[in-house]
Amino acid sequence: IFLTIEQLISYIHQNLIQFSMKLTTAFVLSMAMGANAFAPSMPAQTSTALNVAAEPIMSRFDRLKKNYKGPQVVVSSEGLDFSYDDFADAVANTDYSFNRNDVVKGTVVQYENGGCVVDIGAKSSAFLPTQESSLFMPQGATLESLVDLDTEMDFQIISEEDENGQLLVSVRRIQYRQAWEKVIAQQTEDEVFEAEVVAVNRGGAICLVEGLRAFLPGSHLTGQLPTEDLIGQTLALKFLEVNQEDNKLVVSNRRAVVEQQMSNLSRGDIIGGVVKALKPYGAFVEVGGMSGLLHISQISYDRIEDLEKVLQPGQQVKCMIIDHDKVNGRIALSTKTLEPEPGDMLTDSAKVFELAEETAKKYHERMEAERKAREEATKDIVMGLGDSLADLTSDDEGEDPLADVSDNLDSLLS
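Quick summary incoming for the structure in this document. Position numbers for residues start from 1 in each chain and track the written sequence from start to end. Side-chain atom pairs in this predicted model are given and counted only at pLDDT of 80 or more, local residue features only at pLDDT of at least 70, and totals for whole chains, interfaces and linings cover all residues. No hydrogens and no water enter the side-chain calculation; it runs on all heavy atoms of the structure.

1. Concerning the pattern of salt bridges
No. 1: Just to be clear on terms, a salt bridge is a Lys or Arg side-chain nitrogen sitting within 4 Å of an Asp or Glu carboxyl oxygen. A complete count under the given rule lists 15 salt bridges for this structure.
No. 2: Between Arg-100 and Glu-160 there is a salt bridge, with its nearest N and O atoms 3.8 Å apart. Here the residue Arg-100 occupies a position in the loop between helix H4 (84-93) and strand E1 (103-112), and Glu-160 occupies one in the loop between strand E4 (152-157) and strand E5 (169-170), the gap between them amounting to 60 residues.
No. 3: For every residue, the accessible area obtained with a 1.4 Å probe (protein chains only) is divided by the maximum for its type, and the residue is called buried under 20%, exposed over 50%, and partly exposed between those limits. Residue classification places Arg-100 among the partly exposed positions, given a relative accessible area of 42%.
No. 4: Residue Arg-371 pairs with Glu-368 through a salt bridge whose shortest N-O separation is 2.2 Å. Taken together, the residues Arg-371 and Glu-368, both in helix H10 (residues 356-393) and three residues apart, mark about one turn of the helix.
No. 5: Taking the relative accessible area as the measure of exposure, Arg-371 reaches 32% and is therefore partly exposed.
No. 6: Sharing partners across several salt bridges, the network here consists of Glu-132, Arg-172 and Arg-173. A helix here means a DSSP run of H or I that spans at least four residues, while a strand means a run of E at least two residues long, and both kinds are numbered starting from the N terminus.

So, in structure tokens, the structure goes:
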């Protein structure tokens, strides 16, 4: 049977459409079956499963303990008053109460990189960082030299517990607080103390006072300049300013030296010094770190027309102390009391300084004689006044016994 071309094309077209529909249906079914095969099985959830609470997060130690597969040692608890369960309950019920800024007792048990492990009685050991191990760490100091093993000491908690229950502790903050307490107490007593110079800068020096860094201005440094040679020296100091809120500590070497020297000085002493400056009203003389005033009226008994012709800056002189203020560190000086003859400071000052001790001795003897003469005169006046009052008591009772007292006193004083 022969088919025409049109019939053959129509037959092929109908068969292709039917085949395409069957192929599409088979592909869709196979894709659906494959998706179900790879989908995870979801069991039916019951109400009990929904109510189960999430497991607690385990610490690193608990995870290691759970995964440990090593040998297990079985220890018998027979004969003991408690079991392991009792011990675990006691630990769980213990309230450690470790809070930030608390000060606790602890013992360093091990050195580690960057710090050391400290046993403070908590569930986990605490950690002491190296920078918190001391208030002041000298150059080249090691952690072993600052903190001793197996020695109980105070630690301040400076953090909350991390995920492993570990706390950070500090020794430096305890020492810092104690240092300020000592410094404030020393300032109240206002006593001279000693401190070591640990550094210098353009404005002065840095001293270590109870572990705190104190600034020593160059203007308050006596007899020295703030150079590298000053590092390592121990100086006598007094406080100028103490301000804990601003962390400001200023000290003075000059004030301490002046106070120590003033305690050994008295009126009438002969001291040597150097003329530092000339003023219209006199000269300033440096005496052992102190600045004394040699007033122009105390240089000579003769009148001085030109002070520069008598004294020069840098000149060595000898003076007598005629007055001093120990509180403010001020002294008043005189050279005219050392003149063998009035006007010698203008004509031969070297002779005055050479004979200063001898002239001063004669001056003191003269002053002592004048003092005794004044005491005798005062005594005579008092005795005469007593005799006059005794005569007044013998007068008649009808008369006023004090009527002539003022006249008698005037006559006595004249």
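2. Points about the pairing of strand E6 (residues 193-200)
Here is the key point about a regular strand: its side chains alternate between the two faces of the sheet.
No. 1: Of the strand pairs in this sheet, E6 and strand E9 (residues 234-243) are connected by four bridges, and their pairing is antiparallel. Bridge pairing links Ala-195 to Leu-235 in E9.
No. 2: For two strands to pair, DSSP has to find at least two bridges joining them. Sheet analysis places E6 next to strand E7 (residues 204-209), joined by four bridges and oriented antiparallel. Residue pairing across strands places Glu-196 opposite Leu-208, the latter belonging to E7.
No. 3: Where E6 hands over to E7, the hairpin turn is made up of three residues, counted between the paired strands.

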